[in-house]
Amino acid sequence: MERITSVEQFNEIIQSEGAIVKFDTTWCPDCRRLEAFIGEILETHNSVPWYSMDKDEFPEIAEKYNVMGIPSLLYYKGGEKLGHLHSANAKTPDQVNEYLEGLGI
C-alpha cells in the first residue's frame, strides 16, 4: 500500500477511477490491529488501488472529509468520496469485507 506524502498526490489519487485511502497514525492501537489482517483483504479486494496517509500529517484533508476516528477507510472516485468506513466499524476482517463488498470492490 503506497503512502501518500503530499496534498497534491492525494488530490491526484482521488480524481482517479477509484481508490481506497486508509487514514491512520503512528500512535493508534486500532490501526495496528487493522494492519494485522489488511494484507488478506488487499488480496481479495484489489480492483482499485489502496493508499494510506497519516491523519496527523494532513489535518486539513482529514477535517474536509470528516475523518474523526482512525483507522478510517475512504473510497474515492472522480474526486468524490463515495464511501467511509469509520474506525468503530473497522475492527474486524468481516466488518471491512462487508464495507468493501457493499461498494462493489
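Residues numbered from 1 in each chain as written. Predicted model: local features only at pLDDT ≥ 70, side-chain atom pairs only at ≥ 80, totals over all residues. Heavy atoms only, no water.

Under an unreviewed UniProt entry, the chain has the name Thioredoxin family protein and belongs to Fredinandcohnia salidurans.

Here we look at unusual backbone geometry
Of all residues except glycine, most have a negative phi; of all peptide bonds, most are trans. So the rule is basically this: Helix and strand labels come from DSSP, where a helix needs a run of H or I of at least four residues and a strand needs a run of E of at least two; each type is numbered from the N terminus. Note on exposure labels: buried denotes an accessible area under 20% of the residue type's maximum, exposed denotes more than 50%, and partly exposed covers the range between, all computed with a 1.4 Å probe on protein chains only.
Following Ile-70, the chain continues to Pro-71 via a peptide bond in cis, the omega torsion being 0 degrees. Secondary-structure assignment places Pro-71 in the loop between helix H3 (59-64) and strand S4 (72-77). Positive phi values are uncommon outside glycine, yet Asn-66 reaches one of about 60 degrees. Along the chain, Asn-66 falls in the loop between H3 and S4. The class of Asn-66 is partly exposed, set by a relative accessible area of 41%.

Notes on helix H1 (residues 7-14)
Quick reminder of the rule: Taking the helix axis as origin, the arc is that swept by the directions to the C-beta atoms. Contact definition: two residues touch when any of their heavy atoms are within 4.5 Å.
Here H1 has its buried residues at Gln-9, Phe-10, Ile-13 and Ile-14. Looking straight down H1, one finds its buried side chains confined to an arc of 125 degrees; they lie on one side. Summarising the geometry of H1, the exposed residues directed more than 90 degrees from the buried face are Glu-8 and Glu-12. In this structure, the buried side of H1 is in contact with strand S1 (2-3), strand S2 (19-24), strand S3 (50-54), H3, S4 and strand S5 (80-85).

Let's talk about helix H2 (residues 29-44)
Quick reminder of the rule: Every helix has an expected span of 1.5 Å times one less than the residues it contains. A residue's bend is the angle separating two fitted axes: one through the seven residues that end there, the other through the seven that start there.
Taking 1.5 Å as the rise per residue, H2 with 16 residues should run 22 Å; its terminal C-alpha atoms sit 24 Å apart, in good agreement. At Phe-37, H2 shows its maximal kink, close to 50 degrees. Taken residue by residue, H2 has Cys-31, Leu-34, Phe-37, Ile-38 and Ile-41 as its buried positions. Where H2 is buried, its residues contact S2, S3 and helix H4 (93-103).

Quick notes on the packing of aromatic side chains
Selection rule: Paired rings are identified among Phe, Tyr and Trp, the last through its six-membered ring, by centres lying within 6.5 Å, and are further divided according to the angle between planes into stacked (under 30 degrees), edge-to-face (over 60) and tilted (the rest).
The tally for this structure, following the rule as stated, stands at 3 aromatic pairs. Between Tyr-65 and Tyr-76, the ring centres sit 5.2 Å apart and the planes meet at 90 degrees, which makes this aromatic pair edge-to-face. Residue Tyr-65 is found in the loop between H3 and S4, and its partner Tyr-76 is found in strand S4; the two are separated by 11 residues along the sequence. On the accessibility criterion, Tyr-76 (0% relative accessible area) is buried. Through a chain of ring-to-ring contacts, three or more aromatic side chains come together here, namely Phe-10, Tyr-65 and Tyr-76.

A closer look at the environment of Asn-89
Along the chain, Asn-89 falls in the loop between S5 and H4. Overall, Asn-89 belongs to the partly exposed group, its relative accessible area being 42%. Residues Asn-89 and Val-48 lie 41 residues apart in sequence; the distance between their C-alpha atoms is 21 Å.

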